[in-house]
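Okay, here's what each chain looks like letter by letter:
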Amino acid sequence: APAYGMIKTETQGRVAVITLNRPKALNALCSELFHEINDALARFDGDDAIGAVVLTGSERAFAAGADIKEMKDTQFIDNYKANFLGHWTAQISQMRKPIIAAVNGYALGGGCELAMMCDIIYAGEKAVFGQPEITLGVIPGAGGTQRLTHAVGKSKAMEMILTGTVNLTAAEALSSGLVSAVFPPDKLVDEAIKTAAKIAAKGAVSVQMAKEAINQAFELSLSSGLHFERRLFQSGFATKDQKEGMAAFAEKRKPNFTNE
Ligand code: CAA
């Protein structure tokens, strides 16, 4: 593995864990940190030995947003030419393997947006989700106005983004559907790894097809989405994993998926 300065990576069986590690700035997302996240994600997406990824931060902060000090003096033309924030989100949005965000502490601005780019979010009991960009004179720039609205609905998204100070606690994030489970802070990452391991033990092709199909629910009309789903479902019958999975059921044994 490459030597990273702002993240740590490890693997546990078929699960890769990426831990944001810029504690002095509460994991504020600077270019270098994002470059490392993207590099690690690309490496794990291309590694057949990995079936799912967990992305986490520290107990105090998942990430406190884009690095305000780094961007404060940049100009429109710089940000336009560099595709600022677009270049951060490209890799994670093209990931074919599932990513679980394990969010302890602050997930603010770009931190909340980074969590929402993941496929599943688990929260620690003290997690805080918010989009404070408006207090800095700007708006969310990495998906906040879109993904938060899809997740929690228009009124709550408007309230959070327009005030910049109405945040969600872990319990509120759970009841609004932004996250799918809440755990004690010290159990959170293990729980995320457990779920990731469960997913990584399934056939990788069907897992990736399922992720692709669910994501189309945000892009397509119902009839087009159903069409897309049906074609993927039918093509699953070209895989060895389908033969194995159904044979194992009929023979009352555990399937042994080979990801083929
Ligand atoms: N950028 C740069 N540095 C940051 C940062 C950020 N987003 N968030 C925290 N830090 C730094 C602080 O400047 C501080 O550094 P120094 O010790 O050098 O002063 C260090 O991290 C610790 O932070 P605090 O002392 O502020 O810690 P706190 O516990 O008092 O407060 C906090 C925590 C409420 C999260 C507060 O740090 C804060 O409000 N951070 C900014 C949150 C924010 O506005 N995020 C949105 C950024 S814009 C964005 O993300 C755009 C987008 O759509 C992608």
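Residues numbered from 1 in each chain as written. Predicted model: local features only at pLDDT ≥ 70, side-chain atom pairs only at ≥ 80, totals over all residues. Heavy atoms only, no water.

- As recorded in an unreviewed UniProt entry, the protein goes by the name Probable enoyl-CoA hydratase, mitochondrial, listed as coming from Coemansia javaensis.
- Note on the protein: under the UniProt heading Sequence similarities (unreviewed entry), the record states "Belongs to the enoyl-CoA hydratase/isomerase family." (UniProt positions renumbered as here; feature names shortened; annotations may be inferred.)

Remarks on the state of the cysteines
Next, step 1: This structure, assessed with the given rule, holds zero disulfides.
Next, step 2: With no disulfide of its own, Cys30 has Cys118 as its nearest cysteine by sulfur position, at a separation of 18 Å.
Next, step 3: Take Cys112: it sits in no disulfide, and the sulfur closest to it among the cysteines is that of Cys118, at 11 Å. (Disulfide = S-S within 2.5 Å.)

So, the site of the ligand
Next, step 1: In the vicinity of the ligand there are 24 residues, among which Arg60, Gly110, Glu113, Glu133 and Gly141 approach most closely.
Next, step 2: Contacts to the ligand include Lys69, whose side-chain N or O atom sits 2.9 Å from an oxygen atom.
Next, step 3: At 2.8 Å, a backbone N or O of Gly141 approaches an oxygen atom of the ligand.
Next, step 4: Here the ligand loses 65% of its free accessible area of 990 Å² to cover by the protein chains.
Next, step 5: Elements with a contribution of two residues or more to the shell around the ligand: helix H2 (68-71), strand E6 (106-108) and helix H5 (110-117).
Next, step 6: Of the residues forming the shell around the ligand, the biggest block, three residues, is contributed by H2.
Next, step 7: Partitioned by chemical class, the residues of the shell around the ligand number 14 nonpolar, four polar and six charged. (Near = heavy atom within 4 Å. Polar contact = N/O pair within 3.5 Å; in protein donor to acceptor, adjacent residues only side chain to side chain. Areas by Shrake-Rupley, 256 points an atom, 1.4 Å probe, with all protein chains shown as cover. Helix = DSSP H or I, 4+ residues; strand = E, 2+ residues; numbered from the N terminus. Nonpolar A, V, L, I, M, F, W, Y, C, P; charged D, E, K, R; others polar.)

Thoughts on the packing of helix H10 (residues 204-216) against helix H11 (residues 222-235)
Next, step 1: The N-to-C vectors of H10 and H11 enclose an angle of 170°; their axes lie 10 Å apart at closest approach. Overall, the two elements H10 and H11 adopt an arrangement that is roughly antiparallel. Touching Met209, Glu212, Ala213 and Gln216 of H10 are Phe228, Leu232 and Ser235, all from H11.
Next, step 2: The class makeup of the residues in the contact of H10 with H11 is four nonpolar, two polar and one charged. (Axes fitted to C-alpha atoms, helices over the stretch in contact; angles between N-to-C directions. Parallel < 35°, antiparallel > 145°, perpendicular 65-115°, else oblique. Contact = heavy atoms within 4.5 Å.)

Digging into the pairing of strand E5 (residues 99-103)
Next, step 1: With five of five residues buried, E5 lies mostly within the body of the structure.
Next, step 2: Here E5 shows a buried face lined by Ile99, Ala101 and Val103 and a second buried face lined by Ile100 and Ala102.
Next, step 3: In the sheet, strand E3 (residues 52-56) pairs with E5 via four bridges, with the strands oriented parallel. If you follow Val53 over to E5, its bridge partner there is Ile99.
Next, step 4: The pairing of E5 with strand E7 (residues 120-124) spans four bridges and is parallel. Looking at the pairing, Val103 lines up with Ala123 of E7. (Buried < 20%, exposed > 50% of the residue type's maximum accessible area, 1.4 Å probe, protein only. Pairing = 2+ DSSP bridges.)

Considerations on the packing of aromatic side chains
Next, step 1: As enumerated under the stated definition, the model contains five aromatic pairs in all.
Next, step 2: An aromatic cluster of at least three residues, connected via ring pairs, comprises Phe34, Phe84 and Trp88.
Next, step 3: Positioned over the ring face of Phe44 is Arg43, at 5.0 Å from the centre of the ring. (Phe/Tyr/Trp six-rings, centres within 6.5 Å; stacked < 30°, edge-to-face > 60°. Lys NZ or Arg CZ within 6 Å of the ring centre and 35° of its normal.)

Things to note about H10
Next, step 1: Across its 13 residues, H10 extends 18 Å between first and last C-alpha, which sits within 8% of the 18 Å expected from 1.5 Å per residue.
Next, step 2: All of the buried residues in H10 are Ala204, Val207, Gln208, Met209 and Lys211.
Next, step 3: Against the buried residues of H10 lie helix H9 (188-200), H11 and helix H12 (240-250). (Expected span 1.5 Å × (residues − 1).)

A few points about the side chain of Lys97
Next, step 1: Looking at the element boundaries, Lys97 is found in the loop between helix H4 (86-93) and E5.
Next, step 2: As a buried residue without a salt bridge, Lys97 has its nearest oppositely charged side chain in Asp45, at a separation of 4.9 Å.
Next, step 3: A polar side-chain atom of Lys97 sits 2.6 Å from the main-chain carbonyl oxygen of Asp47.
Next, step 4: Lys97 has contacts with Phe44, Asp45, Gly46, Asp47, Asp48, Ile50, Gly51, Asp119, Gln208 and Lys211, leaving out every residue within four places of it along the chain. (Lys, Arg positive; Asp, Glu negative; His and termini not counted. Salt bridge = Lys/Arg side-chain N within 4 Å of Asp/Glu carboxyl O.)

So, the sheet that holds strand E9 (residues 168-169)
Next, step 1: The four strands are arranged E4-E6-E8-E9 in an open sheet whose pairing can be described as mixed. Of all the strands in the sheet, the pair left with one neighbour each is strand E4 (61-63) and E9.
Next, step 2: Bridging between strand E8 (residues 128-130) and E9 involves two bridges; their strand directions are antiparallel. Bridging across to E9, Phe129 finds its partner in Leu168.

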